[in-house]
Amino acid sequence: MRAFDRAKKIMASYEEDNRIFCLQDKEFEDVSIYNDPSFYIFPGFCDVHVHLREPGFSYKETVASGTAAAAHGGYTAVCTMPNLDPVPDSPQHLKIQQDIIDKDACIAVYPYGAITEGEKGERLAAMTQMAPNVIAFSDDGRGVQSKELMRKAMETAGDLGKIIAAHCEDNSLLKGGYIHDGVYARKHGHRGICSESEYIQIERDLKLAEETGCAYHVCHISTAESVDLIRRAKARGTDVTCETAPHYLILTEEDLLEEGRFKMNPPLRTEKDRKALIEGIKDGTIDMIATDHAPHSREEKSKGLEKSAFGITGIETAFPLLWTHMVKTGIISAEKLIELMAVNPRRRFGIPLGNDFTVWSMEETVIDTSDFLSKGKATPFEGEKVFGKCLLTVYDGRIVYK
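So, a few notes on the structure that sits alongside this text.

Criteria and thresholds
Residues numbered from 1 in each chain as written. Predicted model: local features only at pLDDT ≥ 70, side-chain atom pairs only at ≥ 80, totals over all residues. Heavy atoms only, no water. Helix = DSSP H or I, 4+ residues; strand = E, 2+ residues; numbered from the N terminus. Rg over C-alpha atoms; globule rule 2.2 N^0.38 Å. Buried < 20%, exposed > 50% of the residue type's maximum accessible area, 1.4 Å probe, protein only. Contact = heavy atoms within 4.5 Å. Areas by Shrake-Rupley, 256 points an atom, 1.4 Å probe, with all protein chains shown as cover. Lys, Arg positive; Asp, Glu negative; His and termini not counted. Charge placed at Lys NZ, Arg CZ, Asp CG, Glu CD. Pairing = 2+ DSSP bridges. Phe/Tyr/Trp six-rings, centres within 6.5 Å; stacked < 30°, edge-to-face > 60°. Lys NZ or Arg CZ within 6 Å of the ring centre and 35° of its normal. Polar contact = N/O pair within 3.5 Å; in protein donor to acceptor, adjacent residues only side chain to side chain. Core = buried A, V, L, I, M, F, W, Y, C linked by side-chain atoms within 4.5 Å. Expected span 1.5 Å × (residues − 1). Salt bridge = Lys/Arg side-chain N within 4 Å of Asp/Glu carboxyl O. Axes fitted to C-alpha atoms, helices over the stretch in contact; angles between N-to-C directions.

### Looking at the overall build of the chain
Reasoning step 1: When helices and strands are tallied, the chain shows 13 helices and 13 strands.
Reasoning step 2: Over its C-alpha atoms the chain spans a radius of gyration of 20 Å, differing by no more than 12% from the 21 Å that the globule rule assigns to 402 residues.
Reasoning step 3: Principal axes of the C-alpha set define a box for the chain whose edges measure 60 × 50 × 45 Å.
Reasoning step 4: Buried residues in the chain amount to 62% of all 402 residues.
Reasoning step 5: Residue pairs in contact within the chain that sit at least 24 positions apart in sequence constitute 72% of those at least 6 positions apart.
Reasoning step 6: If you sum the accessible surface of the chain, you get close to 15,600 Å²; carbon and sulfur atoms cover 47% of it.
Reasoning step 7: Mean positive and mean negative side-chain charge positions of the chain (49 and 63 charges, respectively) differ by 1 Å.

### A few points about the pairing of strand β13 (residues 398-401)
Each regular strand carries side chains that alternate between the two faces of the sheet.
Reasoning step 1: Pairing analysis gives 3 bridges linking strand β12 (residues 385-395) to β13, with the strands arranged antiparallel. Of the residues in β13, the one forming a bridge with T393 is Y401.
Reasoning step 2: Following β12, the chain reverses through 2 residues before pairing antiparallel with β13; D396 in that reversal takes a positive phi of roughly 55 degrees.

### Quick look at the packing of aromatic side chains
Reasoning step 1: In this structure the tally under the stated criterion is 11 aromatic pairs.
Reasoning step 2: On the basis of an interplanar angle of 40 degrees and a centroid distance of 6.3 Å, the ring pair of Y40 and F42 is categorised as tilted. One exposure class covers both Y40 and F42, and it is buried.
Reasoning step 3: Centre to centre, the rings of F319 and W323 are 5.6 Å apart; their planes meet at 40 degrees, and the pair counts as tilted. Highlighted residues: F319 and W323, both in helix α12 (residues 318-327), separated by 4 residues, approximately one helical turn.
Reasoning step 4: Among the aromatic residues, those joined into a cluster by ring pairs are Y40, F42, F45, Y75, F319, W323 and W360.
Reasoning step 5: Taking NZ or CZ as reference, K263 lies 4.5 Å from the ring centre of F310, over its face.
Reasoning step 6: Above the plane of the ring of F387 lies K328, whose end atom (NZ or CZ) is 4.4 Å from the centre.

### Some thoughts on the side chain of S361
Reasoning step 1: The residue S361 is located in strand β11 (residues 357-366) in this model.
Reasoning step 2: Judged by its relative accessible area of 10%, S361 is buried.
Reasoning step 3: Within polar-contact distance, the side chain of S361 engages the side chain of E363 at 2.9 Å.
Reasoning step 4: If we ignore the near neighbours within four places in the chain, the residues touching S361 are S38, G388, K389 and L391.

### Points about the nonpolar core
Reasoning step 1: Membership of the largest hydrophobic core comes to 109 residues, with the highest contact counts inside it found for I164 and Y216.
Reasoning step 2: Per-element accounting of this core gives the leading share, 8 residues, to helix α13 (residues 334-349).
Reasoning step 3: Once you skip the residues sitting within four places of it in the chain, I164 turns out to touch I115, M127, F137, M150, A153, M154, A157, C214, A215, Y216 and H217.
Reasoning step 4: Membership of the second largest hydrophobic core comes to 7 residues, among which are I41, F357, L392 and V394.

### Here we look at helix α8 (residues 224-235)
Reasoning step 1: Compared with the 16 Å implied by 1.5 Å per residue over 12 residues, the 17 Å span of α8 between its first and last C-alpha is a close match.
Reasoning step 2: Looking only at α8, the buried set comprises A224, S226, V227, L229, I230 and A233.
Reasoning step 3: At the C-terminal side of α8, G237 shows a positive phi close to 95 degrees.

### Remarks on the pattern of salt bridges
Reasoning step 1: The tally for this structure, following the rule as stated, stands at 17 salt bridges.
Reasoning step 2: R151 serves as the salt-bridge partner of E211, at 2.8 Å between the closest nitrogen and oxygen. With E211 in helix α7 (residues 196-212) and R151 in helix α5 (residues 147-160), this residue pair connects regions lying 60 residues apart in the sequence.
Reasoning step 3: Judged by relative accessible area, which is 53%, E211 ranks as exposed.
Reasoning step 4: Between D287 and K234 there is a salt bridge, and its shortest N-O distance comes to 2.8 Å. Of this pair, D287 sits in the loop between α10 (271-283) and β10 (288-289) while K234 sits in helix α8, placing them 53 residues apart in sequence.
Reasoning step 5: One connected set of salt bridges, linked through shared partners, spans E148, R151 and E211.

### Brief notes about the sheet that holds strand β8 (residues 215-218)
Reasoning step 1: Reading across from one edge, β5-β8-β9-β10 is the order of the 4 strands in this open sheet, with parallel pairing throughout. The outermost strands of the open sheet, each flanked by one partner alone, are β5 (163-166) and β10.
Reasoning step 2: Of the strand pairs in this sheet, β8 and strand β9 (residues 240-244) are connected by 3 bridges, and their pairing is parallel. Its bridge partner lying in β9, H217 is registered against T241.

### Re the sheet that holds β11
Reasoning step 1: The 4 strands are arranged β1-β11-β12-β13 in an open sheet whose pairing can be described as antiparallel. Looking at the sheet topology across the chains shown, the edges are occupied by β1 (40-43) and β13. On average, each strand axis in the sheet is inclined to that of its neighbour by 35 degrees, with strand direction left out of account.
Reasoning step 2: Strand direction decides the pairing type here: β1 and β11, joined by 4 bridges, are antiparallel.

### Observations concerning the environment of I163
Reasoning step 1: Residue position: I163 is located in strand β5.
Reasoning step 2: Accessibility expressed as a relative area gives 7% for I163, which makes it buried.
Reasoning step 3: If we skip the residues at most four places from it in the chain, I163 touches A136, F137, A215, Y216, H217, R348 and F349.

If you want it as structure tokens, here you go:
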């Protein structure tokens, strides 16, 4: 039974009025929007950048809790980053992670393989051996500092037909920073992370991607310069895509509080950067929105801006935040948001959309971390009024959240 027909059948029992709002077909050929006062149906969202923390850090999150949270957020496919213990840098280490996924995941989970052994940036991981079982390669959490090592990684990934998904950060420019190197940092005596630390490595990698022909994807861009570099690279024909996250589109350093829930990497930047990211969304420079869902324990996030761990939870709040701040305000259309959250990520990473969909009521609600299914509760959006409540998520024809 096609997802559309199954949606009507399920929702007929869920609501007396079973009219359908929107459903993307599996071939990604149309994203028609039909308004309805009762509920909305979308294709299952796809997040190419999450941290499920297992194996190694199950006190922060597990595959079971992380995929349950994803289903609560309307996602039916996620790609999980490799900063784990052990790091999936060999078939043996990857199998440990895959066994957990096979046992506990309630939606589709695609693991990344590491670019380098242990994500240490010294020697390439066993990329060839892992390639059949990973979605792409990344050393997320760390930038690959060696230009020559990144070149070898891109050459190898190109031969394997795999994407390099890069966390771009030049360590020589960090200088112990932990929030943006801007007005707030100077006013409150914090050490800052400069924008150059991100975009200089993007600039380096774009040249390498052009030279090697590698399919290149830039993770969580946050600066105006990054948008401009990628825009110009696309105009030259470089095989590059990129993502940003909801918090960079909504918040800036002006919204910072002295709390760990405002600390992430990259950090919140300036209003100029936020506006540049929005323009990048509108003109297609930014291909997709990923959450960088990065759960930590309460203790790890309770130590203020300086000492808290980097990272916030986001997979359960992404859609209502983006609908509220981007669609209801008229910045982008509903169709565009679905492209960013469901169509483009699947198309770039080759992730199928089967009998997957998610049903939403657009009632006003309040972000309340006590409702989260994720173990991570740190979000800068706690208490914010938003529009959107997930009623149902179906993956592969099965209800995974209701």
